[in-house]
Amino acid sequence: RNDVNRVIKVLIEVWLNDGTKIDFDLQGEWKTVARKKTGVPLTLIPQKLITFVNTNYPNNVITKFSRKDYGYKLELSDDMDLRFNKQYQFIEEVD
């Protein structure tokens, strides 16, 4: 069976009073921060990513910020996904 090699990822989901959702892995590292209505607090996002979004997507709010194996993923208020490597360099835009 292939089940022997299956990796199970467990996240701890925390909801804050302001509507922010934070997912943590079992080591306590945050994986995702999301706040749909007003956007993710900019203090949590590296300045290079904020500058990229403000320059290229000025009418959008960052509604989700995630750590990924390749780097980072941002979700914007228009449902566009942006992917960046670990050095905050833009990789791609996903509709």
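Computed from a predicted model, the values in this text were never measured in an experiment.

Notes on the environment of Glu29
Working step 1: Tracing the chain through its elements places Glu29 in the loop between strand 2 (21-25) and strand 3 (30-34).
Working step 2: Here Glu29 falls in the partly exposed class, since its relative accessible area comes to 40%.
Working step 3: Separated by 38 residues in sequence, Glu29 and Arg67 place their C-alpha atoms 9.6 Å apart.
Working step 4: Not counting residues within four places of it along the chain, the set of residues in contact with Glu29 comprises Asp23, Phe24 and Arg67.
Working step 5: Engagement of the side chain of Glu29 in a polar contact is seen with the side chain of Arg67, the distance being 2.9 Å.

With respect to the confidence of the model for the protein
Working step 1: In the predicted model, the protein carries a mean pLDDT of 91, and the fraction of residues at 70 or more is 89%.
Working step 2: Strand 1 (residues 11-15) is the least confidently modelled element of the protein, averaging 92 in pLDDT, while strand 6 (residues 81-85) averages 98, the highest of any element.

Rules used in this analysis
- Residues numbered from 1 in each chain as written.
- Predicted model: local features only at pLDDT ≥ 70, side-chain atom pairs only at ≥ 80, totals over all residues.
- Heavy atoms only, no water.
- Helix = DSSP H or I, 4+ residues; strand = E, 2+ residues; numbered from the N terminus.
- Buried < 20%, exposed > 50% of the residue type's maximum accessible area, 1.4 Å probe, protein only.
- Contact = heavy atoms within 4.5 Å.
- Polar contact = N/O pair within 3.5 Å; in protein donor to acceptor, adjacent residues only side chain to side chain.
- pLDDT = per-residue confidence, 0-100.

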